[in-house]
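Read off the chains here:
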2 protein chains.
Amino acid sequence: MMEKPSAQVAGRAFVRHYYTVLYKEPENLHSFYGKDSLYVHGGLVSNGRSEIQKRVTELSLRDCNTRIRHMDARFTLSKGIVVQVMGEQAHVIVKHSSLCCSGHIFQLATDT
Amino acid sequence: MMEKPSAQVAGRAFVRHYYTVLYKEPENLHSFYGKDSLYVHGGLVSNGRSEIQKRVTELSLRDCNTRIRHMDARFTLSKGIVVQVMGEQAHVIVKHSSLCCSGHIFQLATDT
């Protein structure tokens, strides 16, 4: 009979899987979430898998590469696992800005 | 009399200044924007300097390091400048996730 993996082992496997999908196939990231899941990104809360899928698509997460510096995982009383990840994330940016002249200085008119 | 700088020179000076402030003092990033400016981040539009300041604070842009790969700038007919920047952005992440057991698989319950 297989032994139950420790929280650290299960957490590490999850984190590896999650950030690989985020990098290689972000269009499938929503598969980690269920109908009652909460996803918070950039101060915006998305609720449930389909809303999360919409949000992830909107974020255009391309080539989002994560370097994990620290990972910690613990079992909860309700048989879940809480995972904390600290690290750095790098991604491609394409920004279009328009500057307008206001007096003697330039100001950003639009920044997308 | 000083010659008017080319769009490339002005654009490059702006881009260098903007991304230095973003990295070193993100709490002052709103100073690049005016009362009618539009700022779009993560699919969310903020309008005007105070709303942009609130949004930037909310985003907690810490140690956000940008590597510019390509920069292009053009004057517009209305004496503004449009700037396009392509590159990579790296930032620190601290994520707290809770996984719950759904049947034989773990799903993300909350992900912040």
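Conventions used here
Residues numbered from 1 in each chain as written. Chains lettered and ligands numbered in written order. Predicted model: local features only at pLDDT ≥ 70, side-chain atom pairs only at ≥ 80, totals over all residues. Heavy atoms only, no water. Helix = DSSP H or I, 4+ residues; strand = E, 2+ residues; numbered from the N terminus. Buried < 20%, exposed > 50% of the residue type's maximum accessible area, 1.4 Å probe, protein only. Contact = heavy atoms within 4.5 Å. Buried area = accessible area lost by both parts, 1.4 Å probe. Salt bridge = Lys/Arg side-chain N within 4 Å of Asp/Glu carboxyl O. Polar contact = N/O pair within 3.5 Å; in protein donor to acceptor, adjacent residues only side chain to side chain. Nonpolar A, V, L, I, M, F, W, Y, C, P; charged D, E, K, R; others polar. Pairing = 2+ DSSP bridges.

Mind showing me how you'd approach the side chain of His30 of chain A here?
All names here are of chain A. One can find His30 in the loop between α1 (7–24) and β1 (33–41). Residue classification places His30 among the buried residues on the basis of a relative accessible area of 14%. Apart from residues lying up to four places away in sequence, His30 is in contact with Arg49 and Gln53.

Help me out: how do you make sense of the interface of chain B and chain A in this one?
Put simply, an interface is often sized by how much accessible area is lost when its parts join up. Opposite the 49 residues of chain B that make contact, chain A presents 49 residues. Both sides of the chain B and chain A interface together cover about 3,900 Å² of buried area, and 55% of this is carbon and sulfur. Between chain B and chain A we count zero salt bridges in total. Applying the counting criterion to the chain B and chain A interface returns 26 residue pairs in polar contact (both at pLDDT 80 or more). Mapped by element, the contributors of at least two residues to the side of chain B that touches chain A are α1 (7–24), β1 (33–41), α2 (49–59), β4 (81–102) and β5 (105–111) of chain B. Here the side of chain B that touches chain A is built from residues that sort into 25 nonpolar, 16 polar and eight charged. Pairing of strand β5 (residues 105–111) of chain A with β1 of chain B involves three bridges; the strand directions are parallel. Among the inter-strand pairings, Thr110 of chain A is bridged to a residue of β1 of chain B, identified as Leu38 of chain B.

I'm lost on the side chain of Ser97 of chain B in this one. Help?
Locating Ser97 of chain B in the fold gives a position in strand β4. Overall, Ser97 of chain B belongs to the buried group, its relative accessible area being 9%. Side chain to side chain, Ser97 of chain B and Asp111 of chain B meet in a polar contact 3.0 Å long. If we ignore the near neighbours within four places in the chain, the residues touching Ser97 of chain B are Ile81, Val82 and Val83 of chain A together with Leu108, Thr110 and Asp111 of chain B.

Would you explain the pairing of β1 of chain A in this entry?
Side-chain positions along a regular strand alternate between the two faces of the sheet. Residues and elements named next belong to chain A. Strand direction decides the pairing type here: β1 and strand β2 (residues 44–47), joined by four bridges, are antiparallel. Across the sheet, the residue bridging to Leu38 is Asn47, located in β2. What sits between β1 and β2 in their antiparallel hairpin is a turn of two residues, with Gly42 showing a positive phi close to 55°.

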